[in-house]
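Coordinate analysis (summary)
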Amino acid sequence: FCTMGSCLSKSSSSTMSSKVVVLGSTGYIGSATVEQLCTQASGNATVFAGVRNPSSDKAKALEAKGAKLVQADMSNPTSLPSAVEGASAVLIVVPGHAERTQQAINAINACKAANVGHLVVLSVMSAIPERKSQIFGGQFIPIEEATAASGLPYTIARLPMFLDNMAGQGEGVKGAGQVYTPTKPNQVHNAVSVADVGEAFAKVLLAPQGHAGKTYKWVGPAASDEDLAAGIGKFQCI
């Protein structure tokens, strides 16, 4: 396991100009990563945001932050080769879609064909053999296997639940004094924030050499949903 702070301290941006591509840029993780890349690159990398629709408001918001837009739809393999060609590093933000496994493998295959410098792939904590029969394990284990079999230098980051999911219930805590959670209220887990994940991905993408062949489990401080609800309640001045 790697806490977000310790992971972030391991990397420093490369001094060489490079092309960094984020596939799946308009979601929460993709957007956070693109924003951090544009902040951290300092002219040492050109940041490309791979999006399905370059004319969308979300895509234009990324462009306004300094990213170059490139049309790239993981459900359409023919759109991917030109997006990743010549890339020093590519992040595949696996989409929240019923066909996410095939879409991610489409992206991996495009990166392999283009011989990109380094492949970074988002995964989940349950991508382990004993969870293969469960929905997320069944979806992400083949993605991790395809990543490792690509022959490219790669890094996999397994993520837990997001703090932002609980924080989004702030108004519910304030109005009704309660929140809803998919886990037992007193079960301790290690949720992370979307912003921290975006910062960590950016650091890996800008200096990937020290992360080759690594599978990280990025976690935050241990806390239960009761702890998080109490923190939100305090923030909301309940």
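The rules behind the values
- Residues numbered from 1 in each chain as written.
- Predicted model: local features only at pLDDT ≥ 70, side-chain atom pairs only at ≥ 80, totals over all residues.
- Heavy atoms only, no water.
- Helix = DSSP H or I, 4+ residues; strand = E, 2+ residues; numbered from the N terminus.
- Expected span 1.5 Å × (residues − 1).
- Buried < 20%, exposed > 50% of the residue type's maximum accessible area, 1.4 Å probe, protein only.
- Contact = heavy atoms within 4.5 Å.
- Phe/Tyr/Trp six-rings, centres within 6.5 Å; stacked < 30°, edge-to-face > 60°.
- Axes fitted to C-alpha atoms, helices over the stretch in contact; angles between N-to-C directions.
- Parallel < 35°, antiparallel > 145°, perpendicular 65-115°, else oblique.
- Left-handed = near helix turned anticlockwise from the far one by under 90°.
- Nonpolar A, V, L, I, M, F, W, Y, C, P; charged D, E, K, R; others polar.

**Notes on helix H6 (residues 135-149)**
Between its first and last C-alpha atoms H6 spans 22 Å; for 15 residues at 1.5 Å apiece the expected length is 21 Å, and the two agree. Along H6, the residues classified as buried are Gly137, Gln139, Phe140, Ile141, Ile143, Glu144, Ala146 and Thr147. Check the buried side of H6 and you find it contacts helix H5 (100-114), strand S6 (119-124) and strand S7 (154-159). Of the residues trailing H6, Gly151 is marked for its positive phi of about 85 degrees.

**Things to note about the environment of Glu199**
Within the element layout of this structure, Glu199 appears in helix H9 (residues 194-206). Sequence separation of Glu199 and Leu37 is 162 residues, and the distance between their C-alpha atoms is 7.8 Å.

**Topic: the packing of aromatic side chains**
All told, the structure shown has two aromatic pairs when counted by the stated rule. Ring geometry for Phe201 versus Trp218: centroids 5.0 Å apart, planes at 65 degrees, classification edge-to-face. Of this pair, Phe201 sits in helix H9 while Trp218 sits in strand S9 (residues 214-219); the two residues are 17 residues apart in sequence, bridging distant segments of the chain. Residue classification places Phe201 among the buried positions, given a relative accessible area of 0%.

**Focus: the packing of helix H2 (residues 28-40) against H9**
In contact at an axis separation of 7 Å, H2 and H9 are set at 55 degrees when each is read in the N-to-C sense. Our classification of the angle between H2 and H9 gives oblique. Here H2 and H9 pass one another in a crossing that is right-handed. Contact with H2, carried on its side by Tyr28, Ile29, Ala32, Thr33, Gln36, Leu37 and Gln40, involves Val194, Val197, Gly198, Glu199, Phe201, Ala202, Lys203, Leu205 and Leu206 of H9 and no other residues of that element. Broken down by class, the residue content of the contact of H2 with H9 amounts to 10 nonpolar, four polar and two charged.

These results come straight from atomic positions and should not be treated as a statement about function.
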